[in-house]
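Chain and residue survey
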Amino acid sequence: MPATINVRPDGVGVLTMDSPPVNSLGTELVTSMKQEFPKLVQDPKVKAIVITGKGPMFCGGAEITEFAIMVAIGPEKMKENNPVAALSEMMDMIDASPKTTVAAINGPALGGGCEVSLACHYRVADGKASVGFPEVNLGLLPGAQGTQRLPRVAPLPTAMQMILQGKPLKADAARKNGIIDAVAKKDVIEEAAEWALSHPPAPISKREVHKTNRFMVAAGGLEQGLNTAVNAAPLMIAPRAIIKCFEAACSNKSFREGLQVEMEQFTNLVFSVESAALRHLFLSERLAQKVPGIDEKPAPLKKIGILGAGLMGGGIAMCFIQKGVPVVLKDAKQEWLDAGVKKIESMWAGQAKKGRLSKEKFKEYMGLLKPSLDYADFKDVDMVIEAVPEIMDLKKEVFLDIEKNTKPDCLICTNTSGLNIDDIAAVLKDPSRVMGTHFFSPANVMQLLENVRTAKSSVKTLATGMAMGKLINKKCVMVGNCDGFVGNRMIAPYAGEAKMLWEEGGTVEQIDKAATAFGMAMGPMALGDLVGQELFWKQRKAAGDMNKQTKTYFGPYELTDWLCELGRFGMKTPDPSIKANGRGIFIHRGRDKTVDPEVVAKLDEVRKAKGVTPRPVSDEEIVERLFYPLINEGFKILEQGYVARSSDIDLVYIYGYGFPPSKGGPMFFAENYAGFKTILEKLKVFDKQAKERYTKNPQYLPIDYFEPSKLLEACAAKEGMQVFPGQTVIDVVLKDFRKSSPGPGPFSKL
């Protein structure tokens, strides 16, 4: 049974939630608790009751997968058979117990788990326990009485932080804020039992909201909290619903009337597309770890080698050291190595200075780092990650050096962002131990890791690569070895169209503003200055073809090439003559930036040379031309088999490129916001316009990113089809598509 009961010799009945791995409140556990708890209430031998969780968790909250079932049955049928109502009934049952009921919080009590603890009359927590309401991160609110119970025990600012911002509290802080009654100094169940036997019942539902909380609401405290939440995530709708629940709790409404408001707001949210998007991302992270065909146990990673002590290599080294894994950091020259170590040391020293890192931990970290100029120091490492410049011959050369100095089962990984890894691996005797590990810069900050499956990567190698990502807390996605992988291949048409829209008449400010209004972390023009305008300019120069286009970069090039010839790459190239700490499309001074007037003048020259008359460009057109070809490229990657499923693409864009989480990622957006047919029809229009442009004006390069994906066409034909809860139309159509039209990528055959 998911809920078990036993009666101690002292007469305390203990109900244990046992639903691994996190004791989530799925239908089975809730039903079981509703059956078992009354037995303790009715048993004359039981004097008081303790509720706890089995294992390291008290309770991780609701079972997220069940929300999709709620949505599938629809709002009308949900009124007749509401699974959340069953959870609320369970809270009422605990709250109404005539016997003192204490929550023995043995570990994290999150969401519905925290609500279970608040349904109890008292709470005793282990010193390492925590309480929190992360529902806002799923576009929801606590729907099992949490919005009405928490303001009755905690100060309103704390309640707002916990529910509006999803910030958890550790046990000591929770006690100081009235949420927990005691922090156990010994066994938490023992102390909870003692508390239960020595205190009378005290249900929170019968308590009044403190006058201070009511006064804060009257003084505008909720509006301040809402502004903070909206500024942090402007596209989220849950904060406004949460405020309505707090208003009800702190008004003259009764506890029951407040619960009606909570249920109404919760129902609205659970059927919203924003919450569906956030729940999609939550489940996508779990799914990404289940890579088709990867069924071997990973190799242990006890020591890591990093080749290249630059910004990327140093950041990767920090990721491992912070997890207690020793790192050998090698570079070719002493000054490069010293600079890399100094950078790492300064970042940890900065954390120590701010009190985020203890002196002992700082010393421990530096002790795990071994700088080296000698490949021989890689002799006992389990994995080497190469992070040298993007030059194919250099990559091949260092791979041979790594092979000579490592044990036969050591994995050799490349951090390339776009070079063909099969070509790099081909120089080795055993290419099966090679895979790509595409970290995003700065690696110690950015969450995404694209693990790249090559033609000859062994299953063991790939399993170890995925385990490595999990070890260092990355959002890890397995992709195929194609030009630009997933992220950089899809961003190329987005960046190309931003430049094209600019030439046609849009302004830099307008284009960036349209992108950020859509929800992107920054606009494409600002992104170019951040990444560096010279990246693809150098690659085209090295190739000896300044008109070259690949899947990772497209023209028009005239203006950005002019910037690069002047050495104005963006934020990394200061210009002391105008007191700028960076110069590219923008002049950067501190945190401020303005479009360089010289860039505006140069654009006029480019337009005249090409015979272009600028025209007004609408924000709607900007959004469609930026995002629809990006999405189209995602469909092409899926149909070619370079990624397993659509949700993996969504993860790449949320965690690597600043796509708004409330829109669920590019593929979720296509299916649930824009619609396949709308995107398809617009792509056809833009494709016709693009072909007309480059056929009539020889100064424009041909592009194909508006040509509709065959998979997109297939999805458009099936738009509106019913799929099972948790499925997407894209993946259902993709399954059949791959059977009839398998692509060249590895996932077409798995």
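Residues numbered from 1 in each chain as written. Predicted model: local features only at pLDDT ≥ 70, side-chain atom pairs only at ≥ 80, totals over all residues. Heavy atoms only, no water.

Here we look at the side chain of threonine 552
To be explicit about the condition: Secondary structure counts use DSSP, requiring at least four H or I residues in a row for a helix and at least two E residues in a row for a strand, with both numbered from the N terminus. Polar contacts, as counted here, are pairs of nitrogen or oxygen atoms within 3.5 Å of one another; within protein the pair requires one atom able to donate a hydrogen and one able to accept it, and residues that are adjacent in sequence qualify only if both atoms are side-chain atoms. The contact rule is simple, with two residues in contact once any of their heavy atoms fall within 4.5 Å.
Following the sequence through the fold, threonine 552 ends up in the loop between helix H23 (534-543) and helix H24 (558-565). Looking at threonine 552, its side chain comes within polar contact range of the side chain of threonine 550, at 2.8 Å. Apart from the residues within four sequence positions on either side, threonine 552 is in contact with Asp483, Gly484, Asn488, Ala492 and Phe536.

Quick notes on helix H31 (residues 729-740)
In an α-helix, one turn spans 3.6 residues; hence positions three or four apart end up facing the same way. So the rule is basically this: Given the number of residues in a helix, its expected span is that number minus one, multiplied by 1.5 Å. Relative accessibility thresholds used throughout: buried, under 20% of the residue-type maximum; exposed, over 50%; partly exposed, between the two (1.4 Å probe, protein chains only). Of all possible arcs, the one meant is that of the directions from the helix axis to the C-beta atoms.
With 12 residues, H31 should reach 16 Å at 1.5 Å per residue; the first-to-last C-alpha distance of 17 Å fits that figure. Residues Val729, Ile730, Val733, Leu734, Phe737 and Arg738 constitute the buried set of H31. Seen along its axis, H31 keeps its buried residues to an arc of 145°; they face one direction. Opposite the packed face of H31, turned more than 90 degrees from it, sit the exposed residues Lys735 and Lys739. Looking at the buried residues of H31, the elements they touch are helix H26 (619-640), helix H27 (646-657), helix H28 (666-674), helix H29 (676-696) and helix H30 (710-717).

Details of the pattern of salt bridges
Basically, it comes down to this: Within this document, salt bridges are pairs made up of a side-chain nitrogen of Lys or Arg and a carboxyl oxygen of Asp or Glu, the two lying within 4 Å of each other.
Throughout the structure, instances matching the rule amount to 44 salt bridges. Among the salt bridges present, the one from arginine 123 reaches aspartate 181, with a minimum N-O distance of 3.7 Å. Taken together, the residues arginine 123 in strand E6 (residues 122-125) and aspartate 181 in the loop between helix H7 (171-176) and strand E9 (182-183) connect sequence positions 58 residues apart. In this structure aspartate 181 comes out as partly exposed when scored by relative accessible area, which is 28%. A salt bridge links lysine 395 to glutamate 390; its shortest N-O distance comes to 3.0 Å. With relative accessibility at 1%, the residue lysine 395 sits in the buried group. Through salt bridges with shared partners, a single ionic network connects Glu497, Glu504, Arg615, Glu621, Arg625 and Arg693.

What about helix H6 (residues 156-164)?
H6 sits mainly inside the fold: seven of its nine residues count as buried. With its phi angle positive at about 70°, glycine 166 sits one or two positions after the end of H6.

Digging into the environment of leucine 141
Position of leucine 141 relative to the elements: it lies in the loop between strand E7 (130-132) and helix H5 (146-149). Counting along the chain gives 173 residues from leucine 141 to glycine 314, while the straight-line C-alpha distance between them is 40 Å. When near neighbours in sequence (up to four residues on either side) are disregarded, leucine 141 contacts Glu135, Thr147, Ala241, Ile242, Cys245, Glu262, Gln265, Phe266 and Leu269.

As for the sheet that holds strand E20 (residues 592-595)
Using the following cut-off: Strand pairing is defined by DSSP finding a minimum of two bridges between the two strands.
Reading across the sheet, the three strands line up as E18-E19-E20 and stay open at both edges, with antiparallel pairing between neighbours. Among the strands making up the open sheet, the edge pair consists of strand E18 (582-583) and E20. Pairing analysis gives two bridges linking E18 to strand E19 (residues 586-589), with the strands arranged antiparallel. Bridged to arginine 583 within E19 is isoleucine 587.

Quick look at the nonpolar core
Selection rule: Among buried residues, the Ala, Val, Leu, Ile, Met, Phe, Trp, Tyr and Cys ones that are joined through side-chain atoms within 4.5 Å form a nonpolar core.
In this structure, Trp502, Phe635 and Phe676 are the most contacted members of the largest nonpolar core, which totals 97 residues. Counting residues per element, this core draws most heavily on H26, which supplies 10 residues. Beyond its immediate sequence surroundings of up to four residues, phenylalanine 635 is in contact with Met667, Ala670, Phe676, Ser709, Leu711, Leu712, Cys715 and Ile730. Within the second largest apolar cluster, 73 residues are counted, among which are Leu29, Ile49, Val131 and Leu141.

With respect to the sheet that holds strand E8 (residues 169-170)
Adjacent strands of a sheet form backbone hydrogen bonds with each other and so pair up, either parallel or antiparallel. Read from one edge to the other, the open sheet built from three strands follows the order E5-E7-E8, with strand pairing classed as mixed. Strands at the two margins of the open sheet, each flanked by one partner only, are strand E5 (109-110) and E8. Strand direction decides the pairing type here: E5 and E7, joined by two bridges, are parallel. The residue bridging alanine 109 from the neighbouring strand is valine 131, located in E7.

As for the packing of helix H2 (residues 65-80) against helix H12 (residues 255-270)
Each pair of packed helices can be described by the angle between their axes along with the distance between the axes. Applied cut-off: For helices, the fitted line uses only the C-alpha atoms of the stretch in contact; every axis is such a line through C-alpha atoms, and the angle between N-to-C directions lies from 0 to 180 degrees. Angles are sorted into four bins: roughly parallel if under 35 degrees, roughly antiparallel if over 145, roughly perpendicular if 65 to 115, and oblique for all others. We call a crossing left-handed when the near helix sits turned anticlockwise from the far one by less than a right angle, and right-handed when that turn is clockwise. For this scheme, ten residues count as nonpolar: Ala, Val, Leu, Ile, Met, Phe, Trp, Tyr, Cys and Pro. Four count as charged, namely Asp, Glu, Lys and Arg, and the remainder, Gly too, count as polar.
H12 packs onto H2 with a crossing angle of 120° between their chain directions and a minimal axis gap of 10 Å. One element, H2, and the other, H12, form an angle in the oblique class. Judged by the sense of rotation from one axis to the other, the crossing of H2 with H12 is left-handed. Contact residues: H2 offers Phe67, Met70, Val71 and Met78, while H12 offers Phe266, Thr267 and Val270. Looking at side-chain class alone, the contact of H2 with H12 contains six nonpolar, one polar and no charged residues.

Quick word on unusual backbone geometry
Of note, the amide linkage connecting serine 441 to proline 442 takes the cis form, showing an omega dihedral of -5°. Summarising the element assignment, proline 442 is placed in the loop between strand E15 (434-439) and strand E16 (448-453). The linkage connecting glycine 555 with the following residue, proline 556, adopts the cis geometry, with an omega of 5°. Relative to the assigned elements, proline 556 resides in the loop between H23 and H24. Of note in the backbone geometry, asparagine 23 takes a positive phi value of approximately 55° without being a glycine. Phi is positive for asparagine 473, which is not a glycine, with a value near 60°.

With respect to the packing of aromatic side chains
Under the convention used in this document: Any two rings among Phe, Tyr and Trp, with Trp reduced to its six-membered ring, count as a pair given centres within 6.5 Å; such a pair is stacked if its planes are under 30 degrees apart, edge-to-face if over 60, and tilted if neither. The criterion for a charge sitting over a ring is simple: Lys NZ or Arg CZ within 6 Å of the ring centre, and within 35 degrees of the ring normal.
Summed over all chains, the structure comprises 18 aromatic pairs. In this structure, lysine 330 packs its charged tip against the face of tyrosine 375, placed 4.2 Å from the ring centre. The ring of phenylalanine 747 carries arginine 453 above its face, with NZ or CZ at 5.6 Å from the centroid.

Focus on the environment of threonine 228
Relative to the assigned elements, threonine 228 resides in helix H10 (residues 221-232). Given a relative accessible area of 43%, threonine 228 falls into the partly exposed group. The spatial distance from the C-alpha of threonine 228 to the C-alpha of alanine 96 is 36 Å, given a sequence separation of 132 residues.

Some remarks on the pairing of strand E10 (residues 304-307)
Defined as follows: For the handedness criterion, the strands are oriented away from the viewer, and a crossover whose path from the first strand over the helix to the second runs clockwise is classed as right-handed.
Where burial is concerned, the two faces of E10 agree: the one with Ile304 and Ile306 and the one with Gly305 and Leu307 are both buried. Looking at chain direction, E10 and strand E11 (residues 327-330) are connected through four bridges and run parallel. If you follow glycine 305 over to E11, its bridge partner there is valine 328. Between the parallel elements E10 and E11, the chain passes through helix H14 (residues 311-321) in a crossover that is right-handed. In the sheet, E10 pairs with strand E13 (residues 383-386) via four bridges, with the strands oriented parallel. Counterpart to leucine 307 in the pairing with E13 is glutamate 386.

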